[in-house]
Amino acid sequence: MTKPRLYITRKLPEHIVGEYRQYFDIKMWPYEEKSIERKTLMEESQKSDAIVSMLTDELDKDFFMRMKQLKVVANFAVGYDNIDVKAAKQQGIIVTNTPDVLTETTADLTFGLLLSTARRIVEASDYVKKDKWKNWSPFLLAGTDVHHKKIGIVGMGRIGEAVARRAQGFEMEIVYYNRSRKRHAEESLGATYLSFDNLLEQADYVVCLAPLSEETKNLFNKNAFKRMKQSAIFINASRGQVVNENHLYEALMQGEIRGAGLDVYTEEPIRNTHPLLALDQVICLPHIGSASIETREAMAQLCLENIRLVIQGKEPKTPVFN
Ligand code: DGY
């Protein structure tokens, strides 16, 4: 009997994939760093029963309309704004993502980015490595405190709560804004719900973890930055399109906010001539929120498990819709 065909759009480790060869005829894009081209993605997906997709693969309406054999798409990310979920549903194709397994790792990175931006850690490391350190001085590379400050979390989902738990350890005051009230976060973490505008006005650290949607696109624009404290630090670990990068640049240049720590961008990879990259008070990471070996392996495993379940006629563990 021929096995169902599974295509993986980026090279994943064989010690994870290997186990699934007993269930599937597995084909894989051979590169780890290079994205699959649209044409190959189309051709391979058309011949497959299942695919593991990456956040760099745009699975739009046109893609789904052309699929006759495909039954399930397992997206290797918790965010799935790269997928036209409505079109998938119309075609009867199941879509899954990777929540939970990446929560703590992404929260670690988000809080690390906050600490690094506040305490100018990257700048300070460069200072030493570039042989600029000639003497100790009282205010050399002095940053701003994190402990006992107010953190404002925009998007209090699983990762938001995990960041709030870390903030508790630094005895920070936690405020949040979310589409709906999160009683659990209020009761267990002592987080206070604020309107978006009030959060912007009060927080020392504004941390964006809201998923990208029509509602959140360009949420952080000129008006939002103007409302923030001049001493505020802005952190973005969700999706780049939630921020208007030109407005962020202007706000930093005008001194409307103190600094920014970014893991995500409107266009990825961000071009190296982008003006944000020239600012010392901005830390830029290459979208590594969930990038620990353990978590990336767990994400791969969850994608493959979801696919196995769907192909065997069972419920996937983490569907994005029912
Ligand atoms: C996600 O899972 O959506 C992250 O952005 C990947 O690191």
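Residues numbered from 1 in each chain as written. Predicted model: local features only at pLDDT ≥ 70, side-chain atom pairs only at ≥ 80, totals over all residues.

Q: Break down the overall build of the protein for me, citing the residues and quoting the values.
A: Within the protein, the regular secondary structure consists of 12 helices and 12 strands. Here the C-alpha radius of gyration of the protein, 21 Å, is about what a compact globule of 322 residues would show, namely 20 Å. Principal axes of the C-alpha set define a box for the protein whose edges measure 75 × 50 × 35 Å. Evaluated residue by residue, the protein yields a buried proportion of 41% over its 322 residues. Long-range contacts, defined here as pairs at least 24 residues apart, represent 61% of the contacts in the protein between residues at least 6 apart. (Helix = DSSP H or I, 4+ residues; strand = E, 2+ residues; numbered from the N terminus. Rg over C-alpha atoms; globule rule 2.2 N^0.38 Å. Buried ≥ 20, exposed ≤ 12 C-beta atoms within 10 Å, placed from the backbone. Contact = placed C-beta atoms within 7 Å.)

Q: I'd like a rundown of the nonpolar core, residues and numbers included.
A: Judged by nonpolar contacts, the single largest core of 54 residues is most densely connected at I153, V163, V206 and V207. Broken down by element, the residue count for this core peaks at six residues, all from helix 5 (residues 103–118). Those residues in contact with V163 that sit more than four places away from it in its chain are A107, T110, F111, I153, V207 and L209. In this structure, A50, V95, V101 and C303 belong to the second largest nonpolar core, which totals 38 residues. (Core = buried A, V, L, I, M, F, W, Y, C linked by C-beta atoms within 7 Å.)

Q: Account for helix 11 (residues 245–253), with residues named and values stated.
A: Residues of helix 11 that are buried: E245, L248, A251 and L252. Along the long axis of helix 11, the arc covered by the buried residues comes to 120°, so they all point the same way. Buried residues along helix 11 sit in contact with helix 10 (222–227), strand 11 (259–262) and strand 12 (282–284). Once helix 11 finishes, G255 follows within two positions and takes phi at roughly 75°, a positive value. (Arc of directions from axis to C-beta.)

Q: Quick rundown of the UniProt feature "domain: D-isomer specific 2-hydroxyacid dehydrogenase NAD-binding" (unreviewed entry) in the protein? Include the residues and the values.
A: UniProt's entry tags residues 111–289 with the feature "domain: D-isomer specific 2-hydroxyacid dehydrogenase NAD-binding" (unreviewed entry), counted in the numbering of this structure. A distance of 10 Å separates the end C-alpha atoms of residues 111–289, which is 32% helix and 15% strand. (UniProt positions renumbered as here; feature names shortened; annotations may be inferred.)

Q: Now, about unusual backbone geometry: what can you tell me, with residues and values included?
A: The step from E268 to P269 runs through a cis peptide bond, and the omega angle for that step is -5°. Mapped onto the elements, P269 comes out in the loop between strand 11 and strand 12. For D131, which is not glycine, the phi dihedral falls at a positive 60°. Checked against the element boundaries, D131 lands in the loop between helix 6 (121–129) and strand 6 (150–154).

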